[in-house]
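Commentary on secondary and tertiary structure
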Amino acid sequence: MTGPRVSGATGRTDVSGPHGVLISGENRASVRELRPAVFLDRDGTLIVDKHYLREPDEVQLMPDAANLVRKLNYMLYPAIVVTNQSGIAQGLLTEADYDAVRRRVDDLISERGAFIDQHYHCPHHPDFTGPCGCRKPGTVLYERAVVEHAINPAMSLWIGDRWRDIAPALHFSGRGILVPTAETPPEEIEQARAQCEVAENLLDVIHHLPGR
Ligand SMILES: [Mg+2]
Ligand SMILES: [Zn+2]
């Protein structure tokens, strides 16, 4: 007979593990394996940067974006989008606009047989709403994702077109890969070359992924 039972004087609950191995309650956390994740910037990385995008019809995936996300899905790496949306603080778009654009991103990616595990966004702008911890390179949204998706950040990858997208990789001892666009400042590319990695495009990133 299997199922939870209480052991002796400690009162711990013991449960049978997947192969009938008895796992004591206090060790159960270690059984929950933390996974590597890939943190993706949105504008200029996953989709073409249209600057304060509020029209779902204008969403355009970057080349190989869906291929990258599908690969991550296949590898069981959570694909987490983290995006600064200061246009909300500036009154250039609403949370509803942001939601509509996010749904369109999800639809386009799902048409290609892939999915984003979760999107996180910072709606703030220091000049309008004061300082916050969630605006990249702030780490608050990543910390939330780490907990919500059981992520091992030191095994994770940060991908973006700006230094602020990949700087958090240094904070978490993960890997940062800059994928520059024509709008990426040259000094940020130099900084990424010195402290992280630089890829030519998302196809190149797919080749940089740890094998499995
Ligand atoms: Mg960007
Ligand atoms: Zn914020």
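Scoring rules and cut-offs
- Residues numbered from 1 in each chain as written.
- Chains lettered and ligands numbered in written order.
- Predicted model: local features only at pLDDT ≥ 70, side-chain atom pairs only at ≥ 80, totals over all residues.
- Heavy atoms only, no water.
- 1 Å grid on protein atoms, 1.4 Å probe; cavity = no way out; pocket = protein on both sides within 12 Å on 5 of 7 lines; lining within 4 Å.
- Points joined across faces, edges and corners; volume = space filled by probe spheres on them.
- Helix = DSSP H or I, 4+ residues; strand = E, 2+ residues; numbered from the N terminus.
- Nonpolar A, V, L, I, M, F, W, Y, C, P; charged D, E, K, R; others polar.
- pLDDT = per-residue confidence, 0-100.
- Contact = heavy atoms within 4.5 Å.
- Donors = N, O, S within 2.8 Å, 3.2 Å for Na, K, Ca; no water.
- Buried < 20%, exposed > 50% of the residue type's maximum accessible area, 1.4 Å probe, protein only.

**What about the layout of surface pockets?**
Counted as a void, the largest pocket has a volume near 370 Å³. Forming the boundary of the largest pocket are 17 residues, of which D43, D49, H51, N84 and R164 lie nearest the centre. Taken together, the elements giving at least two residues each to the lining of the largest pocket come down to β5 (79-84) and α6 (163-171). Among the residues making up the lining of the largest pocket, the classes are represented as 1 nonpolar, 6 polar and 10 charged.

**As for the confidence of the model for the protein**
Predicted confidence across the protein gives a mean pLDDT of 89, with 84% of residues reaching 70 or more. A low-confidence stretch, residues 1-23 stays under pLDDT 50, and its non-local contacts, those more than four residues away or across chains, total 34 contacts.

**Notes on the coordination of the magnesium ion (ligand 1)**
Here the magnesium ion (ligand 1) is held by D41 (OD), D43 (O) and D161 (OD), and the distances to it run 2.1 to 2.2 Å. Counting the intervening residues between successive donors of the magnesium ion (ligand 1) yields the motif D-x1-D-x117-D. With D43 in the loop between β4 (38-40) and α2 (65-75) and D161 in the loop between β7 (157-160) and α6, the pair connects residues that are 118 residues apart, well separated along the chain. A relative accessible area of 6% places D161 in the buried class.

**Concerning the coordination of the zinc ion (ligand 2)**
Binding of the zinc ion (ligand 2) to the protein goes through C122 (SG), H124 (ND1), C132 (SG) and C134 (SG), at separations of 2.0 to 2.3 Å. Expressed as a motif, the donor residue spacing for the zinc ion (ligand 2) is C-x1-H-x7-C-x1-C. Linking H124 in the loop between β6 (118-122) and α4 (126-129) with C134 in the loop between α4 and α5 (140-148), this pair joins segments that are 10 residues apart in sequence. For C134, a relative accessible area of 10% corresponds to the buried category.

**Looking at the environment of Q85**
Looking at the secondary structure, you find Q85 in the loop between β5 and α3 (95-111). For the pair Q85 and D43, spaced 42 residues apart in the sequence, the C-alpha separation amounts to 9.5 Å. Residues within four places of Q85 in sequence aside, it is in contact with R42, D43, L93, Y98, H121, C122 and P123.

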